[in-house]
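Geometric and topological summary
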Amino acid sequence: MSIPRSQLLQAFDSLLQPERFRDYGPNGLQVEGKAEIQRVVSGVTASRALIEAAIAAQADAIFVHHGLFWRGQDGRVTGWMKQRLQLLLAHDINLFAYHLPLDAHGELGNNAQLGRVLGWAADARFGEQDLGFAAPAAFENAQAVADHVAKALGRPVTLVSPGEAGGGASVQRPVRRVAWCTGGAQGYFESAIAAGADVFITGEISEPQAHLARETGVSFIAAGHHATERYGAPAVAAHVADQCGLSHEFIEIDNPA
């Protein structure tokens, strides 16, 4: 079975409602390919490796969280950009990308799906555009949360806890509330603190957040940008593909970040 490209775009837009968001790049169809679609491949980032894998899988469309175009980037089509676009255009593959709308969806988005993987049901949202999720939890301390996250994601994480600066022992209080926002959401830490979190989980940590964690009493866990955003794209693409009668495959391209 195949459907028109316009019907697939409408299905994605209807589910993710990109018009609600102020974003860093265009959401929706970023590169136009063939008019009829049978097979969709999903992935995290529109890298050359993912595009090549989609070609090998005979995909008509690729659905990703990180597309090709971002606000403020160099607009010239040279180097890596030329190589990625050349592959898409030569094989007539459509590229659909949704950034913040994919983070925010309450059931299938990156944050909701990370919560599912970690076993947490969000009961509140916080931060700019309500992208952050928060939930009740019961852990002995922040190290127990870090161990839980590392085991669930299958990779080491970075934990910064209160009181550990200068080589002193960290303060390990019970954790009754967790907050999270996938990817590069370290700037949401203060909003998570205001929302009552004992621990905040995101993908990355920048220099200021280590000091805030030590000084505010709220622990910070950086679990990997890619690692925290692996779940939304396949959940959305699988849902829409099933809805439209299309074939779908998630292709994981390893990324240590």
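Residues numbered from 1 in each chain as written. Predicted model: local features only at pLDDT ≥ 70, side-chain atom pairs only at ≥ 80, totals over all residues. Heavy atoms only, no water.

1. Side note on the packing of aromatic side chains
Heads up, the rule is: Only the six-membered ring of Trp is used, alongside the rings of Phe and Tyr, when aromatic pairs are assigned; centres must lie within 6.5 Å, and planes under 30 degrees apart are stacked while those over 60 apart are edge-to-face, with the rest tilted. A run of DSSP states H or I qualifies as a helix once it reaches four residues; a run of E qualifies as a strand once it reaches two. Both are numbered from the N-terminal end. Only protein chains enter the calculation, and the probe is 1.4 Å; a residue is then buried if its accessible area is under 20% of its type maximum, exposed if over 50%, and partly exposed in between.
Counted according to the given criterion, the structure contains 11 aromatic pairs. On the numbers, 5.4 Å between centres and 55° between planes, the contact of Phe-12 with Phe-96 is tilted. Taken together, the residues Phe-12 in helix α1 (residues 5-16) and Phe-96 in strand β6 (residues 94-97) connect sequence positions 84 residues apart. In this pair, the class of Phe-12 matches that of Phe-96, namely buried. In this structure an aromatic cluster arises from ring pairing among Phe-12, Phe-63, Phe-96 and Tyr-98.

2. Here's the deal with the packing of helix α5 (residues 110-118) against helix α6 (residues 142-153)
For clarity, the threshold we go by: In this analysis an axis means a line fitted to C-alpha atoms, helices contributing only their contacting stretch, and an angle means the value between N-to-C directions, from 0 to 180 degrees. Roughly parallel covers angles under 35 degrees, roughly antiparallel covers those over 145, roughly perpendicular covers 65 to 115, and oblique covers all other angles. Throughout, a residue-residue contact means that at least one pair of heavy atoms, one from each residue, lies within 4.5 Å. Gly is put with the polar residues, along with every residue not named as nonpolar or charged; the nonpolar set is Ala, Val, Leu, Ile, Met, Phe, Trp, Tyr, Cys and Pro, and the charged set is Asp, Glu, Lys and Arg.
Look at α5 against α6: their axes get within 9 Å of each other, and the N-to-C directions meet at 105°. Relative to α6, the element α5 is oriented roughly perpendicular. Here Leu-114, Val-117 and Leu-118 of α5 come into contact with α6, specifically with His-148, Val-149, Ala-152 and Leu-153. The residue makeup of the contact of α5 with α6, split by class, is 6 nonpolar, 1 polar and no charged.

3. Section: helix α3 (residues 79-90)
Heads up, the condition is: A helix is expected to span 1.5 Å multiplied by its residue count minus one. Taken from the helix axis, the directions to the C-beta atoms give the arc we talk about.
Between its first and last C-alpha atoms α3 spans 16 Å; for 12 residues at 1.5 Å apiece the expected length is 16 Å, and the two agree. Considered for burial, the residues of α3 that qualify are Met-81, Arg-84, Leu-85 and Leu-88. For α3, the angular spread of buried residues about the axis comes to 95°, placing them on one side.

4. A look at unusual backbone geometry
Peptide bonds are trans in most cases, and residues, glycine excluded, mostly fall at negative phi. Of note, Asp-92 is a non-glycine position whose phi angle comes to about 55°, a positive value. By the secondary structure assignment, Asp-92 is in the loop between α3 and β6. Backbone geometry places Asp-130, a non-glycine residue, at a positive phi of 55°.

5. What to know about the sheet that holds strand β13 (residues 247-250)
Strand pairing in a sheet relies on backbone hydrogen bonds, with the paired strands running either antiparallel or parallel. Applicable threshold: Strand pairing requires that DSSP identify at least two bridges connecting the strands.
Spatially, β2-β6-β5-β4-β13 is the arrangement adopted by the 5 strands of the open sheet, whose pairing is mixed. At either end of the open sheet lies a strand with only one pairing partner, and these are β2 (28-31) and β13. Along the sheet, successive strands turn relative to each other by an average axial angle of 30°, direction set aside. For strand β4 (residues 39-45) and β13, the ladder comprises 4 bridges, and the chain directions are parallel.

Structural measurements only, silent on function.
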